[in-house]
Amino acid sequence: MRFTFFKSLPVQLLLAAISAWLLAQLIPADYINTDSASFSLLMLAKTTYIGLLKMVVGIVVMLSLLQGITSIGSTVKFKQLGCKTVAFYSFTSIIAISLGLGASLALPAWPQLVDPAAITLSENTQLIDNSSASSGAIISKLISMALQNPVAALSNTNLLAIVVFSILLGIALLASLPAKHAVFDVISGLNKAVNTLVSGIIQFAPYAVFAIVFEFSVTSNGELFGQLAKFAGLVFLLTFIHGAIVLPTIAKATTGIGFKSLFKALSAPMVMAFTTSSSSATLPLSMQTAEQELGVSQSTSSMVLPLGAIMNMDGTALFEGVAAIFLAQLYGIDLGTSGYIMIFIMAMVSSIGAPGMPSGSMSGMQLVLLAAGIPLEAIAILLIIERPLDTFRTAVNVEGDIIAALVVDKWQAKA
């Protein structure tokens, strides 16, 4: 039991963070030289981990979206249910992001703990400055970012273009190929293989967290942990509000189901989602619950829920929006009006491509950080508390999937 406990990734991340902080406190400041060879060697863990994430993020998003869209089965189903499903998912995601950004802007700013002069932005960072904050300029910039060669998008980590291309290609595959075509099996197999690769990369996270926390502990006078605890509390509270109040209220208003009946039916899939931190792993139970406990038709659940496991990530969208503002203020980056707009849009887009697996939001988080001009290494800061929050928001994601199936099925019955 003891050895199993220490094999848990959240435990390893926590121990790595605590160890790095303790080491930074034990070593006298005069003995720490950030320009030394030993310090540079330690930072290799951070560089390697961030490099591995950048290497796979585009492929992960593309394959996840392709599998989600092609799992619908036919263009007929897509035409009948797709627009309603996407509309509902978009509506709840907008509410989640608005809740997160609204609370973040209403609260006092997080303190700056990093010298902005030390920030080196990725060469692929694409920014929209304050002079281009008009709606027309932003739309024009987004279109130019989205409509690019997919090979170039993959090489430049332009995730917005990857998302757009994947959606269009997925629809084209549905329209041109039979439901049992071998291409769909290939996509499924590749997606499984890449997710296995990502799981392996995530196992390297404790070393990167150790390096990042040590670096921050040396430069931020130990304030990082206190701010992370406050950030985690804010995300937990906002996610709880969305899952316990917003989504059940929508279900009640559209279908008439009461809170008690709804949560009684949702208890099993939400617990599984909480323990596995995976929407995809919970999908079979979600479909069974929707059909047997809530009376959703099989045709609706077989389309809405697989799509939701990939595209409906309310908790993830909320987390990414709040996290982007937290990290920007931590790094002393002035976002401005255009920055907040880009965070809103990119959190919406990136949540669509988030894999339904533990820490899947870290892929989409890069899109938000790149859009806001936040260094990618900031992701390692989030990893300290990301997994505990991931379990909770995954449960809310699954809740949103099943409620979407219930609402869309109700709309179909009235059509």
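These numbers come from a predicted model, not from an experiment.

Calculation rules
- One numbering rule holds for all chains: residues counted from 1, following each sequence as written.
- Local features are withheld for residues below a pLDDT of 70 in this predicted model, meaning they are given only at 70 or higher, and side-chain atom pairs are given and counted only at 80 or more; totals for whole chains, interfaces and linings count all residues.
- The side-chain numbers reported here are obtained from all heavy atoms of the structure, hydrogens and water having been left aside.
- A helix here means a DSSP run of H or I that spans at least four residues, while a strand means a run of E at least two residues long, and both kinds are numbered starting from the N terminus.
- To estimate the expected span of a helix, subtract one from its residue number and multiply by 1.5 Å.
- Summary of the metric used: pLDDT quantifies the predictor's per-residue confidence within the range 0 to 100.
- The contact criterion used throughout is that any non-hydrogen atoms of two residues lie within 4.5 Å.
- Among buried residues, the Ala, Val, Leu, Ile, Met, Phe, Trp, Tyr and Cys ones that are joined through side-chain atoms within 4.5 Å form a nonpolar core.
- Here the term buried applies to any residue with accessible area under 20% of the maximum for its type, exposed to any over 50%, and partly exposed to those in between, with areas from a 1.4 Å probe on protein chains only.
- Put simply, two rings from Phe, Tyr or Trp (the six-membered ring, in Trp's case) pair if the centres are within 6.5 Å, and we call them stacked under 30 degrees between planes, edge-to-face over 60, tilted for the rest.

Things to note about helix H14 (residues 314-330)
What sets the pattern is the α-helix's 3.6 residues per turn: residues three or four places apart point alike. Between its terminal C-alpha atoms H14 stretches 24 Å, which fits the 24 Å expected from 17 residues at 1.5 Å a residue. Once H14 finishes, Gly332 follows within two positions and takes phi at roughly 75°, a positive value.

Thoughts on the confidence of the model for the protein chain
Scored by pLDDT, the protein chain has a mean of 75; 73% of the residues are at 70 or more. Counted against residues more than four places away or in other chains, residues 118-135, with its pLDDT under 50, gives 34 contacts.

Concerning the nonpolar core
Inside soluble globular proteins, nonpolar side chains tend to come together where they are buried. Among the nonpolar cores identified, the biggest contains 40 residues, and Phe231, Phe319, Phe326, Leu327, Ile343, Met365 and Leu382 are the most heavily contacted of them. Contributing elements (two or more residues each) for this core: helix H4 (75-106), helix H10 (224-255), H14, helix H15 (336-352), helix H16 (361-372) and helix H17 (379-414). Top element by residues in this core is H14. It accounts for eleven residues. Counting 28 residues, the second largest nonpolar core, distinct from the first, contains Val246, Ile257, Met270 and Ala404.

Re the packing of aromatic side chains
Inspection of the entire model under this criterion finds four aromatic pairs. Relative to Trp411, the ring of Phe88 lies with its centre 6.2 Å away and its plane at 75°, an arrangement referred to as edge-to-face. Taken as a pair, Phe88 in helix H4 and Trp411 in helix H17 lie far apart in primary sequence, 323 residues in all. Phe88 gets classed as buried once you look at its relative accessible area, which sits at 3%. Classification of Trp411 as partly exposed rests on a relative accessible area of 32%. Ring centres of Phe231 and Phe319 lie 6.2 Å apart, and the angle between their planes is 55°; on these two criteria the pair is classed as tilted.

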